Amino acid sequence: MKEKIAADDARILVVDGDGGLAACGFGTIEQWFPGPHSRNGRIGHVIGMVTDPAYRRRGHGRAIMHSLLDWFRERDAVRVDLTASRDGESLYRELGFFDHPDPALCWRP
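Scope of this entry: the structure provided in the associated data block. Treat the numbers as computed from the prediction; the structure is a model and nothing was measured. (Residues numbered from 1 in each chain as written. Predicted model: local features only at pLDDT ≥ 70, side-chain atom pairs only at ≥ 80, totals over all residues. Heavy atoms only, no water.)

A word on the packing of aromatic side chains
At step 1: Evaluation of the coordinates by the stated rule reveals two aromatic pairs.
At step 2: Here Tyr-92 and Phe-97 contribute two aromatic rings whose centre-to-centre distance is 6.1 Å and whose plane-to-plane angle is 70°, an arrangement assigned as edge-to-face. Take Tyr-92 and Phe-97: they sit in the same class, and that class is buried. (Phe/Tyr/Trp six-rings, centres within 6.5 Å; stacked < 30°, edge-to-face > 60°. Buried < 20%, exposed > 50% of the residue type's maximum accessible area, 1.4 Å probe, protein only.)

Things to note about helix α3 (residues 86–94)
At step 1: Within α3, burial applies to Gly-88, Leu-91 and Tyr-92. Angular distribution of buried residues about the axis of α3 spans 100°; they occupy a single face of the element. Facing away from the buried side of α3 by over 90 degrees, the exposed positions are Arg-86, Ser-90 and Glu-94.
At step 2: On its buried face, α3 sits against β3 (42–51), α2 (60–74) and β4 (79–82). (Helix = DSSP H or I, 4+ residues; strand = E, 2+ residues; numbered from the N terminus. Arc of directions from axis to C-beta. Contact = heavy atoms within 4.5 Å.)

Observations regarding the sheet that holds strand β2 (residues 21–31)
At step 1: With mixed pairing, the four strands of this open sheet are ordered in space as β1-β2-β3-β4. This sheet does not close on itself; its edge strands, each paired only once, are β1 (10–16) and β4. Taking each pair of neighbouring strands and ignoring which way they run, the sheet shows an average axis angle of 20°.
At step 2: Pairing geometry for β1 and β2, over seven bridges, is antiparallel. Bridging from a neighbouring strand, Val-15 pairs with Ala-23 of β2. (Pairing = 2+ DSSP bridges. Axes fitted to C-alpha atoms, helices over the stretch in contact; angles between N-to-C directions.)

Considerations on the side chain of Asp-81
At step 1: Turning to its location among the elements, Asp-81 is positioned in strand β4.
At step 2: With residues near it in sequence (within four places) discarded, Asp-81 still touches Ile-43, Gly-44, His-45, Val-46 and His-100.

Looking at the nonpolar core
At step 1: Of all hydrophobic cores here, the largest spans 18 residues; its most connected members are Val-46, Ile-64, Met-65, Leu-68, Phe-72 and Phe-97.
At step 2: Looking at this core, the elements with two or more residues in it are β1, β2, α2 and α3.
At step 3: Of the residues forming this core, the biggest block, six residues, is contributed by α2.
At step 4: Leaving out residues up to four positions away in the same chain, Ile-64 has contacts with Leu-13, Val-15, Ala-23, Cys-24, Gly-25 and Met-49. (Core = buried A, V, L, I, M, F, W, Y, C linked by side-chain atoms within 4.5 Å.)

Concerning the pattern of salt bridges
A side chain with one charge may pair with a side chain of the opposite charge, provided their charged atoms come close.
At step 1: Applying the stated rule across the entire model yields eight salt bridges.
At step 2: In this structure, the salt-bridge partner of Asp-76 is Arg-39, at a minimum N-O distance of 3.2 Å. Of the two residues, Asp-76 sits in the loop between α2 and β4 while Arg-39 sits in the loop between β2 and β3, which places them 37 residues apart along the sequence.
At step 3: Residues participating in the shared-partner salt-bridge network are Asp-8, Glu-74 and Arg-75. (Salt bridge = Lys/Arg side-chain N within 4 Å of Asp/Glu carboxyl O.)

Points about unusual backbone geometry
At step 1: At Arg-57, a residue that is not glycine, the phi angle is positive and equals roughly 70°.
At step 2: With respect to the helices and strands, the residue Arg-57 is situated in the loop between β3 and α2.
At step 3: Positive phi outside glycine occurs at Asp-76, with the angle close to 60°.

Pasting the structure below:
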């Protein structure tokens, strides 16, 4: 965990609250092979966004997302993926996220 936090391909942003953490968000960039939908193979992922219920509706999540999106742009990510909660979906859509063109599937061994 310490190595990942310090790596150049990870970003963690926090907003302090009165007695602890008000909100946080973290993202990472993976280097994949370039392809038709990814000219350089740099894919961003918003791994997590959390806001303490007592601090919701104050713009903390929006501020974190703006900073993360700027960070992805600076590192030339060609796409940013995230999995939205029902509560967060409207914010992400407002910021320009849309339904992924490929079906989201997973496999567990």
